[in-house]
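Results of the structural survey
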Amino acid sequence: MAVDRRNFIKITGLAALGGAAGKEAMDALAQSEAKFSPMDNALHGKRWAMAVDLKKCKKDNGCKDCIHACHSVHNVPDFGNPKDEIKWIWREPYEKAFPDQENEFVPDDLLHASAPLLCNHCDNPPCVRVCPTQATWKRQDGIVMMDWHRCIGCRYCIAACPYGSRSFNWRDPRGADAEGKPYIKEQNPAFPTRMKGVVEKCTFCDERLAKGLKPACVEGCKQAALVFGDLDDPESEVRKLLRENFSIRRKPGLGTQPEVYYIV
Ligand code: SF4
Ligand code: SF4
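Throughout what follows, the structure given in this document is the object of discussion. In this text the structure is predicted, and so the values were computed from the model without any measurement.

**Re the sheet that holds strand β8 (residues 226-230)**
The strand order across the open sheet built from 4 strands is β8-β1-β10-β9, with neighbouring strands paired in mixed fashion. Lying at the two open borders of the sheet, with one neighbouring strand each, are β8 and β9 (247-248). The pairing of β9 with strand β10 (residues 260-263) spans 2 bridges and is classified as antiparallel. Note that in β10 the partner of I248 across the bridge is Y262. Contacts between helix α11 (residues 237-244) and the sheet are confined to β1 (48-53), β8, β9 and β10, with β8 contributing the most and set at about 115° to the helix.

Here is the structure:
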């Protein structure tokens, strides 16, 4: 079922009045849209996760290949100022990314390194709980999805995410600056652009998994520092890496159970 934004707001208004019937309508909508239907060679997993090897990543510290790969394939706009920045994957200094892991004995090269950050596809995602329209939800395979057509721009999810993984389009990403420079340098026609007033974030490349492809950031990393796979599969590369290496997660004390792991 395809539901545009206006109809969705209408339906959710009815749902708010409709008690149990309203709840059913909401649940049906949450399951309704399969934007990228899986192909025969689609990748399937029960618990998708990412391992980022900071030892490999810091060899090319400051490299932005993963960011370019992700942002170009997903039509992520560049509004030209940090206040309006839209980010699906970005870099932060170690001490900012892992404030609870910092101590005076952290090796200097790690402390001064920066880590690539993205949505953690948390097992217990607070962003999902607060969304009033189910524009964001967790799939069976663990991916925390986002439907821009259902987003009403309330930004509750942004407030709820403790990782800064969500961005809001304060301007029309399809537009251009005063000099006529488009915010999306080169549009990828195979991926939808968003509109002003909606939230966006990483979706673990659900559209690529449906075609049998690994996430764009993983493919774009020349150090092979990013590994994506199914934690439910004991033979997967990601499971092997986590078995054989010490890893940390961002803000583990919050109970969100991030599914992005950092090998340090
Ligand atoms: S990192 Fe933030 S946006 Fe991603 S699932 Fe966790 S709480 Fe939600
Ligand atoms: S998994 Fe896909 S959407 Fe997420 S940061 Fe990597 S390239 Fe971007």
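**Quick look at the site of ligand 2**
In the vicinity of ligand 2, the contacting residues are C70, H74, W88, I89, L118, C202, T203, F204, C205, P215, A216 and C217. Residues of the shell around ligand 2, tallied by class, amount to 10 nonpolar, 2 polar and no charged.

**Points about the layout of surface pockets**
Estimates place the volume of the largest pocket at around 740 Å³. Mapped by element, the contributors of at least two residues to the lining of the largest pocket are α4 (65-73) and β2 (89-93). Per-element accounting of the lining of the largest pocket gives the leading share, 4 residues, to α4. The residue inventory of the lining of the largest pocket, partitioned by class, reads 11 nonpolar, 6 polar and 9 charged.

**Details of the nonpolar core**
In terms of nonpolar packing, the biggest core is built from 52 residues, with M50, L54, F204, L226 and Y262 touching the most fellow members. Apart from residues no more than four positions distant in its own chain, F204 is found in contact with W48, A49, M50, L118, H121, I143, L209, P215, F228, E259 and V260. L231, L242, Y261 and I263 belong to the second-largest nonpolar core, a separate cluster that totals 8 residues.

**Quick word on the pairing of β8**
Of all 5 residues in β8, 5 are buried; the element is thus mostly enclosed. Judged from the 5 bridges that link them, β1 and β8 form a sheet pairing that is antiparallel. The partner of A49 across the bridge, within β8, is G229.

**With respect to the environment of I158**
Relative to the helices and strands, I158 is located in helix α8 (residues 156-160). Judged by relative accessible area, I158 falls into the partly exposed class, the value being 27%. In this structure, the C-alpha to C-alpha distance between I158 and P126, residues 32 residues apart in sequence, is 9.8 Å. When near neighbours in sequence (up to four residues on either side) are disregarded, I158 contacts R166, S167, F168 and V199.

**Overview of the side chain of H74**
Tracing the sequence through the fold places H74 in the loop between α4 and β2. Judged by its relative accessible area of 1%, H74 is buried. Of note is the side chain of H74, whose polar atom sits 2.7 Å from the side chain of E207. Every residue in contact with H74, bar those within four places of it in the chain, is listed here: W88, F191, R194, C205 and E207.

**Here's the deal with the pattern of salt bridges**
One pass over the full model with this rule turns up 14 salt bridges. Residues D123 and R47 are paired through a salt bridge, measuring 3.9 Å at the closest nitrogen-oxygen approach. Of this pair, D123 sits in the loop between β3 (114-118) and α7 (126-130) while R47 is found in the loop between α2 (19-32) and β1, placing the two residues 76 residues apart along the sequence. We classify R47 as partly exposed; its relative accessible area is 34%. One salt bridge in this structure joins E92 and K96, with 3.4 Å as the shortest N-O distance. Given the relative accessible area of 53%, K96 is considered exposed. What you see here is one network of salt bridges that share partners, running through R47, D123, K138 and E259.

Rules and cut-offs
- Residues numbered from 1 in each chain as written.
- Chains lettered and ligands numbered in written order.
- Predicted model: local features only at pLDDT ≥ 70, side-chain atom pairs only at ≥ 80, totals over all residues.
- Heavy atoms only, no water.
- Pairing = 2+ DSSP bridges.
- Helix = DSSP H or I, 4+ residues; strand = E, 2+ residues; numbered from the N terminus.
- Contact = heavy atoms within 4.5 Å.
- Axes fitted to C-alpha atoms, helices over the stretch in contact; angles between N-to-C directions.
- Near = heavy atom within 4 Å.
- Nonpolar A, V, L, I, M, F, W, Y, C, P; charged D, E, K, R; others polar.
- 1 Å grid on protein atoms, 1.4 Å probe; cavity = no way out; pocket = protein on both sides within 12 Å on 5 of 7 lines; lining within 4 Å.
- Points joined across faces, edges and corners; volume = space filled by probe spheres on them.
- Core = buried A, V, L, I, M, F, W, Y, C linked by side-chain atoms within 4.5 Å.
- Buried < 20%, exposed > 50% of the residue type's maximum accessible area, 1.4 Å probe, protein only.
- Polar contact = N/O pair within 3.5 Å; in protein donor to acceptor, adjacent residues only side chain to side chain.
- Salt bridge = Lys/Arg side-chain N within 4 Å of Asp/Glu carboxyl O.

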